[in-house]
Amino acid sequence: MEAKRHKRKLEYSDIDLSRWKEYEEILTDSLWIMSSRQNTNGHVFDYHGNFIPQIANQTFQRYTRECDIVVDWFLGSGTSAIEAVNLSRRLIGVELKPEMVEHVREKLPLESLEKNVRLINADSASDKARADVNNALREMQAEKAHLAVLHPPYADIIKFSDLDADLSNCSSTDNFLAGFKRVAQNAFDTLEKGRFAVLVIGDKYSAGELDPLGFKCMQVMNEVGFRTKSIIVKNIEGNEKGKGKDSNLWRYRALSGGFYIFKHEYVMIFFK
Ligand SMILES: C[S@@+](CC[C@H](N)C(=O)[O-])C[C@H]1O[C@@H](n2cnc3c(N)ncnc32)[C@H](O)[C@@H]1O
């Protein structure tokens, strides 16, 4: 006789564990090979350096429930905001560049902007950003956030603006990590206990040497109090426009320089 099925819910997700075999679309392996960027349901590749929507989709399904509040500390072009609306989650997004905040505002439905999404133009490393996020949480009748998303610049690999507070303008990796630590602290302080944080980050080469930004940022997350749950390695196809003829040049450089061309980044999962 078939065992009686008990509905088993997680505190932090709508996944019903009694139906676990049915969630085929939800990934549980630590290697994510995604062949293309999702470009439906409001998603467009309109910002160099935006993450693919599947990262938001997968992590929101694993680590949030309907109506939960996600805080994205590096909103960029708003991939997380679009996916939050698609999945009936609420979102607070912080972004340094005012024009990007306006751009995201224009992409979202008016009803969501009125009810379920708050966009903040601020330096995420600042006390003001933390105060603004706390105010937004109060407006949404919540004390703390339910998921934190951090997709910072990968140090100076892509320059996002000329603004002094822009983490892509830091003069050294140490300065970048100091700024990132203030954001991580803000994320930790505003997150509910028992909840998760997602860090999306890649490494860089500098002066012929690999600078493991990913592991350095993971250590910073641990220093502010987050505990590491998983490290996912994800291919970076779909993040960049085709390199065309340049890809052969990179291959030559790799062969002659003794290094490997980055084809991966990390999606790191932490909990509080
Ligand atoms: C890698 S992008 C994030 C892309 C985003 N996940 C998306 O899908 O569009 C990093 C973003 O962080 C912003 N940024 C850099 N320094 C910042 C800071 N101190 N506070 C807030 N945003 C910052 C940049 O302007 C850029 O839009």
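Small disclaimer: the values here were computed from a predicted structure and weren't measured.

### Some remarks on the site of the ligand
Around the ligand there are 24 residues in total, and Tyr47, Ser77, Thr79, Glu95 and His151 lie nearest to it. Within the side chain of tyrosine 47, an N or O atom sits 2.7 Å from an oxygen atom of the ligand. Contact with the protein chains hides 99% of the accessible area of the ligand, taken as 610 Å² for the molecule alone. Using a 2 Å cut-off from the grid points, one finds that the ligand occupies the largest pocket.

### What about a nonpolar patch on the surface?
Side chains of Tyr205, Leu210 and Tyr260 sit close together on the surface and give an oily, nonpolar patch of about 350 Å² of accessible area. In this fold, leucine 210 is placed in strand S10 (residues 209–211). According to the relative accessible area criterion, leucine 210 is partly exposed, its value standing at 40%.

### Observations regarding the side chain of asparagine 57
With respect to the element layout, asparagine 57 can be found in helix H1 (residues 53–63). The class of asparagine 57 is buried, set by a relative accessible area of 19%.

### What about the pattern of salt bridges?
Scanning the entire structure with this criterion turns up 16 salt bridges. A salt bridge links arginine 130 to aspartate 189, with the nearest nitrogen and oxygen atoms 3.8 Å apart. With arginine 130 in helix H5 (residues 127–139) and aspartate 189 in helix H6 (residues 173–190), the pair connects residues that are 59 residues apart, well separated along the chain. Among the residues examined, arginine 130 registers a relative accessible area of 26% and is labelled partly exposed. The partner of aspartate 162 in a salt bridge is lysine 159, with the nearest N and O atoms 3.2 Å apart. Salt bridges sharing common partners tie together Asp68, Glu192 and Arg195.

Here is what the cut-offs are and how they apply
- Residues numbered from 1 in each chain as written.
- Predicted model: local features only at pLDDT ≥ 70, side-chain atom pairs only at ≥ 80, totals over all residues.
- Heavy atoms only, no water.
- Near = heavy atom within 4 Å.
- Polar contact = N/O pair within 3.5 Å; in protein donor to acceptor, adjacent residues only side chain to side chain.
- Areas by Shrake-Rupley, 256 points an atom, 1.4 Å probe, with all protein chains shown as cover.
- 1 Å grid on protein atoms, 1.4 Å probe; cavity = no way out; pocket = protein on both sides within 12 Å on 5 of 7 lines; lining within 4 Å.
- Sits in = over half its atoms within 2 Å of the grid points.
- Patch = residues over 30% accessible without salt bridge, like charges linked within 9 Å, V, L, I, M, F, W, Y side chains within 5 Å.
- Salt bridge = Lys/Arg side-chain N within 4 Å of Asp/Glu carboxyl O.
- Helix = DSSP H or I, 4+ residues; strand = E, 2+ residues; numbered from the N terminus.
- Buried < 20%, exposed > 50% of the residue type's maximum accessible area, 1.4 Å probe, protein only.

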